[in-house]
Amino acid sequence: MERPNKSIECTVSECSHHCQDCNYCSLDKILVGTHESNPTQEECTDCMSFALKA
Ligand code: SF4
């Protein structure tokens, strides 16, 4: 099964990279970006490695 990366905590269980049984990402690394031109708070940031679970 997917191996949790203890350096990347994540609660987005809808993502195919989420470990499901624990709140970690299974990827070796992720890319974080923003959808804002001038990000000012955490809601402005996004995990660009997100992939919707099939
Ligand atoms: S790719 Fe991003 S959203 Fe998906 S489990 Fe990893 S950290 Fe979470």
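Nothing here was measured: the structure is a model prediction, and the numbers come from that model.

**Topic: the pattern of salt bridges**
Enumeration over the complete set of coordinates arrives at one salt bridge. Two residues, D28 and R3, come together in a salt bridge whose shortest N-O distance is 3.2 Å. Placement of the pair is D28 in the loop between β2 (24-25) and β3 (32-34) and R3 in the segment before β1 (5-9), with a sequence separation of 25 residues. In this structure D28 comes out as exposed when scored by relative accessible area, which is 62%. Taking the relative accessible area as the measure of exposure, R3 reaches 55% and is therefore exposed.

About the cut-offs
Residues numbered from 1 in each chain as written. Predicted model: local features only at pLDDT ≥ 70, side-chain atom pairs only at ≥ 80, totals over all residues. Heavy atoms only, no water. Salt bridge = Lys/Arg side-chain N within 4 Å of Asp/Glu carboxyl O. Helix = DSSP H or I, 4+ residues; strand = E, 2+ residues; numbered from the N terminus. Buried < 20%, exposed > 50% of the residue type's maximum accessible area, 1.4 Å probe, protein only.

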